[in-house]
Amino acid sequence: MTALSPVEHIKQRSRHLRGSIVDSLANRVTGALADDDTQLIKFHGSYQQDDRDQREERRLAKLEPAYSFMIRTRTPGGVCTPAQWLALDAIAQTYGNGSLRLTTRQAFQFHGVIKRELKATIAAINRTLMDTIAACGDVNRNVMASANPVESRAHQVAYDWAVRLSEHLLPKTRAYAEIWLDGELVAGGEEAEPIYGATYLPRKFKAAIAVPPINDVDVYAHDLGFIAIIENGELVGFNVSVGGGLGATHGDPATYPRRGSVIGSIVPEQLLRVAEAVVTTQRDWGNRENRKQSRLKYTIDRVGLEVFKREVESRSAVVLGPERPVVFTQSGDRFGWIVGHDGRWHLNLRIEAGRIADTGDKRWASALRAIAQVHQGDFRITPNQNLIVANVPNAARAQIDAILAAHGVHDGSGATPLRQRALACVALPTCPLAMAEAERYLPELLSKIETLLGKHALSAEPIGLRITGCPNGCARPYLAEIGLVGKAPGRYNLHLGGDLIGERLNVLAHENIDETQILSVLDGWFARYTAERGPSEPFGDFTRRVNKEWL
Ligand code: SRM
Ligand code: SF4
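Our subject in this report is the structure included herewith. (Residues numbered from 1 in each chain as written. Chains lettered and ligands numbered in written order. Predicted model: local features only at pLDDT ≥ 70, side-chain atom pairs only at ≥ 80, totals over all residues. Heavy atoms only, no water.)

### Thoughts on the site of ligand 1
Thr103, Leu246, Thr430, Cys474 and Arg476 are the nearest of the 30 residues found near ligand 1. Lys204 places a side-chain nitrogen or oxygen 2.9 Å from an oxygen atom of ligand 1. Put simply, the parts of the chain that give the shell around ligand 1 at least two residues each are strand 1 (46-50), strand 2 (67-72) and strand 5 (108-113). Classifying every residue of the shell around ligand 1 by side-chain character gives 11 nonpolar, 11 polar and 8 charged. (Near = heavy atom within 4 Å. Polar contact = N/O pair within 3.5 Å; in protein donor to acceptor, adjacent residues only side chain to side chain. Helix = DSSP H or I, 4+ residues; strand = E, 2+ residues; numbered from the N terminus. Nonpolar A, V, L, I, M, F, W, Y, C, P; charged D, E, K, R; others polar.)

### Some thoughts on the side chain of Arg283
Structurally, Arg283 is set in helix 9 (residues 271-285). Apart from the residues within four sequence positions on either side, Arg283 is in contact with Pro194, Ile195, Tyr196, Tyr200, Leu201, Pro202, Arg288 and Arg315. (Contact = heavy atoms within 4.5 Å.)

### Some remarks on the sheet that holds strand 19 (residues 465-468)
Read from one edge of the open sheet, 5 strands run 18-19-20-21-22, paired in mixed fashion. Strands at the two margins of the open sheet, each flanked by one partner only, are strand 18 (423-424) and strand 22 (507-513). Across the sheet, helix 15 (residues 442-455) lies against strand 18, strand 19 and strand 20 (482-488), angled at about 145° from strand 19, the strand it touches most. (Pairing = 2+ DSSP bridges. Axes fitted to C-alpha atoms, helices over the stretch in contact; angles between N-to-C directions.)

### A short note on the layout of surface pockets
Volume-wise, the second largest pocket comes out at about 720 Å³. Taken together, 25 residues make up the lining of the second largest pocket; nearest its centre are Glu352, Arg355, Thr359, Lys362 and Pro443. Class assignment for the residues of the lining of the second largest pocket results in 10 nonpolar, 8 polar and 7 charged. (1 Å grid on protein atoms, 1.4 Å probe; cavity = no way out; pocket = protein on both sides within 12 Å on 5 of 7 lines; lining within 4 Å. Points joined across faces, edges and corners; volume = space filled by probe spheres on them.)

### As for the environment of Asp138
Positionally, Asp138 belongs in the loop between helix 6 (118-127) and strand 6 (144-145). Residue classification places Asp138 among the buried residues on the basis of a relative accessible area of 4%. Sequence separation between Asp138 and Arg291 is 153 residues, and the spatial gap between their C-alpha atoms is 11 Å. In this structure, Asp138 is in contact with Val7, Lys11, Phe43, Tyr200, Leu201, Pro202, Arg203, Lys204 and Arg291, ignoring residues within four places of it in sequence. (Buried < 20%, exposed > 50% of the residue type's maximum accessible area, 1.4 Å probe, protein only.)

### A few points about the nonpolar core
Counting residues in hydrophobic clusters, the biggest one holds 93 residues, and the most contacted among them are Trp85, Phe226 and Leu368. Excluding its chain neighbours within four sequence positions, the residues that come into contact with Leu368 are Trp85, Leu349, Ile351, Ile356, Phe379 and Leu387. Ala427, Ile482, Tyr529 and Trp550 belong to the second-largest nonpolar core, a separate cluster that totals 39 residues. (Core = buried A, V, L, I, M, F, W, Y, C linked by side-chain atoms within 4.5 Å.)

Honestly, it's all geometry; don't read function into it.
As structure tokens, then:
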């Protein structure tokens, strides 16, 4: 028998995620945690990192790396109140690096929190009635839901289910309360984890709820996806998708992005039972020896989709109905003011790479703080790293517009569709796994590609580009029409052929190329696209059609 991976042993001896985190926090000799605790802290919503820009300088000065912590919230569906916004903004200023980061999974991230302020920061987040438990780690993570509050009542129902699912799959350990909130100690940490057991899941687990026709959540990228079936504006059920996941390792063909497979449909009341059955099947069947093979997608490919489906049916006592027809028309956001079905207004703001900060004349952090001080509705983080100022009465719109203008920012509706749709993961300097830049490089790269699009009279085309600093896929690059995946400093793999609705994985077209080569390859494609495209044929479909071997 192959040995369990080291992380399994750490979980096993952690007494339900306690480990020695309390001692690690108290140790003033280092800015880091003990090794085991760096794994366990993830389940509490935080990662230990170090500033990679400073690594070499500190090494030469014989100093330990500049350790700090990233903290991620659990915000199902990405919804928060203005009061929460103000509190989170203040926390970022007091304890973090001054910026808030909206993630591709509708959460907030704080970067740059030092160890001695970690407890105060997490406690402060909890005082806002938001938490960070299970935002990371081998558990079900933040549950996503279509952010669009516009179309129908179905969106509210989908959001409510996302909250219920998130709560249902939360770890039951009291470790979080004990460590961060001075909760009562549980003797020996012996409380039960009825869904997860003592060693939790073999690997991270992600769930999302999509409300057609908008697949903003990229539902097929998730271990578990629910696709709402809507009849006459009412949500009457869900298609169930399993086994999506995007992470891969360069040069290791045993790892790959996988699109989720629909195994059937359910009525809403069956959602929690089916979700729990998928989770416990993965708990029991997932690979605990090799973490590169432990996501649900590999479990399903190993045992077969039919076998997996039968097990889920048996554990949930739900017989899945046939897959129902659903149609997605887009995965991107719609910018500017949109009026909802109930007459309230929603302002979708484009936030470049999700980073909320005051940078030069563009004072996003101050603008949103000022909006939060007067806003009576809520805020919604979109899965595209953008923000909706939601539920605004008509009379309050002018004030919000004026605040934005006074702070040098705008909703992004005037930007090129390329810029509107683009996503970039965090990458350097905080992500330890980054091989190349992503967030910091995005603005410059987009400007260069916009010049090319202008040259070919394609500036108005809705072309989707996503860039990541490594093959883990945090900005879901494998679903983009143009996906750039970091290989080394300044070098990327170029993927082409995704679609605009998140239903098709793209294909590796060029390996390990630099900016000059990227621009030259795209220049060639844009020229052909202008000359040879079919009527209304999107760029991704065109590249796919022309390269028939990709089909
Ligand atoms: Fe991710 C690891 C950032 C969404 C796949 N991801 C990381 C870490 C924590 C690096 C680490 O392990 O030390 C990154 C922290 C960087 C930093 O400094 O903040 C990181 N991931 C992010 C975020 C912040 C990207 C962003 O720019 O928004 C997203 C946070 C989401 C959230 O709020 O929970 C983020 N990560 C994703 C997604 C997209 C999604 O889920 O829709 C994926 C691809 C889907 C999937 O999971 O298959 C993704 N992240 C990964 C992986 C690869 C997992 C795999 O199966 O191979 C890793 C590495 C790992 O787990 O070993 C990873
Ligand atoms: Fe880091 Fe890679 Fe994720 Fe980007 S894709 S945030 S570089 S792990």
